Amino acid sequence: MQFPRLPQTAIVRPPAPARPARWALPPPGANAENKAHAPVLEPSGFRILSIGAAVFVTNLLINIDHVATLRNARAETFPDPVHAAAHCEQAGADGIVFHLREDRRHITERDARLLDKTVQGKLDFELSTEAEVVSICCDVSPDLATLVPERREEVTTEGGLDVAANRARLAEVVPRLYDAGVEQVSLFVDPVPAQIEAAAESGANCVELHTGDFAEADTDATRREEARRLAAGAEAAHEAGLRVHAGHGLDYNNFPLFQNTVPHVAEVSIGFAVMARAILGGMESAVRDMSATVKGSRA
Ligand code: PXP
């Protein structure tokens, strides 16, 4: 199949901030020359419009783990998350996210390596600090590595990393990722000042704010309160010189409130809501095609 090429968008880079040493970009990794993708690595999301104005644009990265979940449920070769990633990019995604879990319940090492070769935009490799997964991530050398907590029994990622409790392991893993050519290292954290401070001290140059509590709020008042917590977290991260990402549970309904309340969000990572809509949105044409297959020759 043909893989899509993203339109090139002019990026306005704001004046380079005085970067602490941890922002110094390492030399490209050993396999960087094999990459298909041309990542968007600007420190914030300003873009020039054709009329010359600069606007802040939040990039959309799509998580394709659930495509692999469906494939693996039948031990099949399809639907292939690599094909799904190409469709996502064709439809305007700025990049692709996958989580190579320790138990390989959805994305496999084969997927990770093929996605690295085929994704044209930004590639975000989510991982725990487990040794083997870290080695694979270093070998793949994605544009962005997002470190997340992981428990085998969980259905999905349940909350942010306890950065302070993992300080020693992060002190090994974060520099290793930079040394492998990963330009952005992000820690998935709750919007809690102590975690954001610890993230900045860890050497990571990005944080992904966990939006799960915001998404799961059961009243409007609670959701607005969670949005304010996220806004304070985003301000703190920005002040600490960290690039701000966000994700978990964002959907078509809750995104407007999130966007109107939380500043500095350079990119969001969204999976479940998009995959759920894709299944229902594609249902009629899939059934129409099968109906034509089953009845077509006798109609
Ligand atoms: N960000 C992180 C760190 C995640 O673990 C997940 C879930 O895999 C997401 C974002 C996307 O969440 P959702 O699938 O609910 O959009």
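Residues numbered from 1 in each chain as written. Predicted model: local features only at pLDDT ≥ 70, side-chain atom pairs only at ≥ 80, totals over all residues. Heavy atoms only, no water.

**Notes on the nonpolar core**
The nonpolar side chains of a soluble globular protein tend to be buried with one another. Core analysis: the largest hydrophobic core is formed by 62 residues, its most contacted members being Ile64, Phe125, Leu147 and Phe258. If sequence neighbours within four positions are ignored, Ile64 has contacts with Pro81, Ala84, Ala85, Cys88, Ile96, Val97, Phe98, Ile107, Leu115 and Met275. (Core = buried A, V, L, I, M, F, W, Y, C linked by side-chain atoms within 4.5 Å. Buried < 20%, exposed > 50% of the residue type's maximum accessible area, 1.4 Å probe, protein only. Contact = heavy atoms within 4.5 Å.)

**Here we look at the packing of aromatic side chains**
Working definition: an aromatic ring pair is given by the centre-to-centre distance plus the angle between the planes. By the definition in use, this model includes three aromatic pairs. Ring centres of Phe214 and Phe258 lie 6.0 Å apart, and the angle between their planes is 55 degrees; this geometry places the pair in the tilted category. Of the two residues, Phe214 sits in helix H7 (residues 212–216) while Phe258 sits in helix H9 (residues 255–261), which places them 44 residues apart along the sequence. An identical accessibility class is assigned to Phe214 and Phe258; each is buried. When the centroid spacing of 5.6 Å and the interplanar angle of 45 degrees are considered together, the rings of Phe255 and Phe258 count as tilted. Residue Phe255 and its partner Phe258 are located together in helix H9, separated by three residues, close to a single helical turn. Through a chain of ring-to-ring contacts, three or more aromatic side chains come together here, namely Phe214, Phe255 and Phe258. Across from the ring centre of Phe214, 5.8 Å away, lies the NZ or CZ of Arg223, which sits over that ring. (Phe/Tyr/Trp six-rings, centres within 6.5 Å; stacked < 30°, edge-to-face > 60°. Helix = DSSP H or I, 4+ residues; strand = E, 2+ residues; numbered from the N terminus. Lys NZ or Arg CZ within 6 Å of the ring centre and 35° of its normal.)

**Some thoughts on the environment of Ala232**
Tracing the backbone shows Ala232 in helix H8 (residues 220–239). Residue Ala232 is classed as partly exposed on the basis of its relative accessible area, which comes to 49%. As for Ala232 and Val262, which are separated by 30 residues in sequence, their C-alpha atoms are 7.9 Å apart.

**Concerning the sheet that holds strand E8 (residues 206–210)**
Read around the closed barrel, eight strands run E3-E4-E5-E6-E7-E8-E9-E10, paired in parallel fashion. For this sheet the average axis-to-axis angle between neighbouring strands, irrespective of direction, equals 25 degrees. Pairing between strand E9 (residues 243–247) and strand E10 (residues 265–270): four bridges, direction parallel. Directly across from His245, in E10, lies its bridge partner Glu267. Each of strand E5 (122–127) and strand E6 (144–147) touches helix H4 (residues 131–140); the most contacted strand, E5, lies at about 170 degrees to it. (Pairing = 2+ DSSP bridges. Axes fitted to C-alpha atoms, helices over the stretch in contact; angles between N-to-C directions.)

**Quick notes on the layout of surface pockets**
Its boundaries defined by the atoms lining it, the largest pocket holds a volume of some 1,000 Å³. Along its surface, the largest pocket is lined by 34 residues, and Val67, Val274, Met275, Ala278 and Ile279 are the ones closest to its centre. Elements supplying a minimum of two residues to the lining of the largest pocket: strand E3 (59–63), helix H1 (65–73), helix H2 (81–90), E10, helix H10 (272–281) and helix H11 (283–295). Grouping the constituent residues of the lining of the largest pocket by class yields 24 nonpolar, six polar and four charged. Taken as a whole, the second largest pocket spans an internal volume of roughly 640 Å³. Lining the second largest pocket are 29 residues, and of these His66, Thr156, His248, Gly249 and Phe272 sit closest to its centre. Elements that contribute at least two residues to the lining of the second largest pocket include exactly H1, H7, E10 and H10. When residues of the lining of the second largest pocket are assigned to their parent elements, the largest contribution, three residues, is made by H1. (1 Å grid on protein atoms, 1.4 Å probe; cavity = no way out; pocket = protein on both sides within 12 Å on 5 of 7 lines; lining within 4 Å. Points joined across faces, edges and corners; volume = space filled by probe spheres on them. Nonpolar A, V, L, I, M, F, W, Y, C, P; charged D, E, K, R; others polar.)

Functional significance is not addressed by these values, which are geometric in nature.
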